[in-house]
Amino acid sequence: MYVAVKGGETAIRNAHRLVADKRRGDRSVPSISLDQIVNQLALAVDRVMAEGSLYDPELAALAIKQARGDMIEAIFLLRAFRTTAPRFGFSEPLDTSNMLVERRISATFKDLPGGQLLGPTFDYTHRLLDPELAGDAEIPAPELAEAGDGVMPRVTDLLGQEGLIEADADAGEEAETGDLTREPLSFPADRALRLQALARGDEGFLLSLGYSTQRGYARSHPFAGEIRLGEVEVMVEIPELGFTVSIGRIEVTECQMINQFKGSAKVPPQFTRGYGLVFGHAERKAMSMALVDRALRWRELGEEKTAPAQDEEFVLSHSDNVQATGFVEHLKLPHYVDFQAELELVRRMRAKHEAAVRDSAGQDESKAKQQEAAE
Amino acid sequence: MNRETAMTRQEAMAVLARSSLEKLRAAWDGWDSKPATELLRGPETGMIMIRGRTGGSGAPFNLGEASVTRATVRLGTGEVGFSCILGRDTEKARLAAIFDGLWQRDGDRGRIEQDLLLPLAERLAAADRTVRAQTAATQVNFFTMVRGDDE
């Protein structure tokens, strides 16, 4: 027998009204504006755009506000929004060598053309809480200096000229670029699909997996060949016009990880690479993505698969925090009928168990009596 | 295009895409002898899938989507203006399409470039120069300390 149960409408309505009240908090404190979130919680906005897989700072700020700062809830909101919007097409692939660079560092080459540009970084801060920030202290304007010619070749292109590092394989422009938002992932997935999944994957999950590769689970001796942050032009081909136009700029973070490779019968020893590219200022995520991208290339590079970070089915099936939270959090929903069935089952099993115990106890008793009689 | 122009149409559209709504609205409000405008499409908001390249220069992959708004406008004088810009600002897309249409008119192009596009382009270039100068101030200058151990 199956009995459908309804109810809870009033409770749900009131709960939502309550959460709206909690979201607003103390009414004597001014409401936070989207501008404030975009400007002053910029890295939170960037994370929501990257993992929400939609570049739109204002919507990401709204999502953060609506989610009360719960990042995964905010990412969920943005993902839900993007399912309602029509897709007009594709951009030309971003040209990250032609970037308005805001930060660019290399841990492998001290004197690289264009220099080491620290940009707006937390690196080298002492991680001491700054009590002045609790107020609204005046912040001095940034220092300015004469900029060079702006030419900033990617580090991998420098090493590439000597053949010491593997070149980027081009798929041939005719090859179809897989899209996991249109076709469900199937395995093995090609590198383009893996990069798409990683680019929208959970930062924490990728960080831990990347860390695991450093600690020896699929170790690949990484160096941060280059990390760059800045604005790139988004070019779109307009069929009506027959040419490509810039529709504006977005900020991205790119990480080129340089890793060891012994070489093979076919390939002389050369460095291999892992790649990370993420919306916004997201250095930790870009680095983690590059580490995991490299680990997932074990098959192509003739390595042994020994660790979780190399298992694409494991990595790609669990990197999406909206899917993950959906399945984990669904456990909160009523499972009354399921549980009732399990309860019945446990009761039956216990009854059986008790009967068995009783029987064997009875046997023991009679055995003991027989023994007594024999003695 | 028989008269000398300062920009190509692509350059003009790129500047329009990055300008603010306020600038475009002020320019349109101040435009005398406005032609009739008819929206052929939009303004409509959707997304485009932004692509990157594996390793920076390899095979394309899908990075994630971005909000875009596009519009197509026919001017009373026959030109069809087009816009496609990042974001969800429908009014900005409409105005950008109108100015793209006006730019195509030999009689208006010079004025649009001088009064609107070139000043906008200069303002955007100045903002870029500031970013470059701020970034340059964070460049690391290495120096080597001679310890004299080898003497």
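Structure: see above.
All figures in this text were calculated on a predicted structure; none of them were measured in a lab. (Residues numbered from 1 in each chain as written. Chains lettered and ligands numbered in written order. Predicted model: local features only at pLDDT ≥ 70, side-chain atom pairs only at ≥ 80, totals over all residues. Heavy atoms only, no water.)

Participant: So, the interface of chain A and chain B: which residues are in play, and what are the values?
Facilitator: In this complex, chain A contributes 74 residues to the contact, which on the side of chain B involves 51 residues. Regarding the contact of chain A and chain B, the summed buried area is about 5500 Å², with carbon and sulfur atoms giving 63% of it. Run the count over chain A and chain B and you get six salt bridges. Taking the shortest distance from any N to any O, the salt bridge between Glu 65 of chain B and Arg 82 of chain A comes out at 2.5 Å. (Contact = heavy atoms within 4.5 Å. Buried area = accessible area lost by both parts, 1.4 Å probe. Salt bridge = Lys/Arg side-chain N within 4 Å of Asp/Glu carboxyl O.)

Participant: So what's going on with the sheet that holds strand S6 (residues 272–279) of chain A? Residues and values would help.
Facilitator: Residues and elements named next belong to chain A. The sheet built from four strands is open, its strands ordered S3-S4-S5-S6 with antiparallel pairing. Each edge of the open sheet carries a strand with a single partner, namely strand S3 (100–105) and S6. The sheet shows a mean angle of 25 degrees between the axes of neighbouring strands, direction not considered. (Pairing = 2+ DSSP bridges. Helix = DSSP H or I, 4+ residues; strand = E, 2+ residues; numbered from the N terminus. Axes fitted to C-alpha atoms, helices over the stretch in contact; angles between N-to-C directions.)

Participant: So, empty space enclosed by the protein: which residues are in play, and what are the values?
Facilitator: Inspection of the entire model under this criterion finds one cavity of 30 Å³ or more. In this structure, the largest cavity spans a volume of roughly 50 Å³. Val 245 and Ser 246 of chain A together with Met 13, Leu 16, Ala 17, Phe 82, Ser 83, Cys 84, Ile 85, Ala 96 and Asp 100 of chain B together form the lining of the largest cavity. When contributions to the lining of the largest cavity are tallied by element, the ones reaching two or more residues are strand S5 (243–259) of chain A together with helix H1 (9–18), strand S3 (80–86) and helix H3 (90–103) of chain B. With four residues, the top contributor of residues to the lining of the largest cavity is S3 of chain B. Of the residues belonging to the lining of the largest cavity, the class tally is eight nonpolar, two polar and one charged. (1 Å grid on protein atoms, 1.4 Å probe; cavity = no way out; pocket = protein on both sides within 12 Å on 5 of 7 lines; lining within 4 Å. Points joined across faces, edges and corners; volume = space filled by probe spheres on them. Nonpolar A, V, L, I, M, F, W, Y, C, P; charged D, E, K, R; others polar.)

Participant: Describe helix H8 (residues 203–214) of chain A, and please don't skip the residues or the numbers.
Facilitator: Residue and element names in this part refer to chain A. Taking 1.5 Å as the rise per residue, H8 with twelve residues should run 16 Å; its terminal C-alpha atoms sit 16 Å apart, in good agreement. Taken together, the buried positions of H8 are occupied by Glu 203, Leu 206, Leu 209, Gly 210, Ser 212 and Thr 213. The secondary structure elements touched by the buried residues of H8 are helix H3 (42–52), helix H7 (191–199), helix H9 (283–295) and helix H10 (312–318). With a side-chain oxygen lying 3.0 Å from the backbone nitrogen of Gly 204, the N-terminal cap of H8 falls on Asp 202. Where H8 terminates, the next one or two residues include Gly 216, which has phi positive at roughly 120 degrees. (Expected span 1.5 Å × (residues − 1). Buried < 20%, exposed > 50% of the residue type's maximum accessible area, 1.4 Å probe, protein only. Polar contact = N/O pair within 3.5 Å; in protein donor to acceptor, adjacent residues only side chain to side chain.)

Participant: Give a detailed account of the nonpolar core, specifying residues and quantitative values.
Facilitator: Val 234, Ile 247, Ile 250 and Val 252 of chain A together with Ile 50 and Leu 63 of chain B are the most contacted members of the largest nonpolar core, which totals 74 residues. Considering each element in turn, this core owes the most residues, seven residues, to S5 of chain A. No fewer than three residues from each of domain 1 (9–82) and domain 2 (100–119 + 150–168 + 182–321) of chain A sit in this core. Trp 31, Val 73, Leu 75 and Ala 93 of chain B belong to the second-largest nonpolar core, a separate cluster that totals 26 residues. (Core = buried A, V, L, I, M, F, W, Y, C linked by side-chain atoms within 4.5 Å. Domains from an automatic or database assignment.)

Participant: Describe unusual backbone geometry, listing the residues and the values that go with them.
Facilitator: Here Phe 187 of chain A and Pro 188 of chain A are connected by a cis peptide whose omega angle stands at 0 degrees. By secondary structure assignment, the location of Pro 188 of chain A is in the loop between helix H6 (155–160) and H7. The linkage connecting Gly 42 of chain B with the following residue, Pro 43 of chain B, adopts the cis geometry, with an omega of 0 degrees. With respect to the element layout, Pro 43 of chain B can be found in strand S1 (residues 37–53). The backbone phi angle of Ser 53 of chain A is positive, close to 60 degrees, even though this residue is not glycine. Take Ser 53 of chain A: its relative accessible area is 3%, and that puts it in the buried class. One non-glycine residue, Ser 33 of chain B, lies in the positive phi region at around 45 degrees. Within the element layout of this structure, Ser 33 of chain B appears in the loop between helix H2 (21–29) and S1. On the basis of relative accessible area, Ser 33 of chain B is assigned to the exposed category, the value being 65%.

Participant: Give a detailed account of the pattern of salt bridges, specifying residues and quantitative values.
Facilitator: Going through the model one piece at a time under the given rule, you end up with 36 salt bridges over all chains. Of the charged contacts, one joins Arg 74 of chain B and Glu 38 of chain B as a salt bridge, the two residues approaching to 3.4 Å between their closest N and O atoms. In this pair, Arg 74 of chain B sits in strand S2 (residues 60–75) while Glu 38 of chain B sits in strand S1, placing the two residues 36 residues apart along the sequence. Classification of Arg 74 of chain B by relative accessible area gives partly exposed; the value is 34%. Each of Arg 82, Arg 87 and Asp 179 of chain A together with Glu 65 of chain B takes part in one network of salt bridges that share partners.

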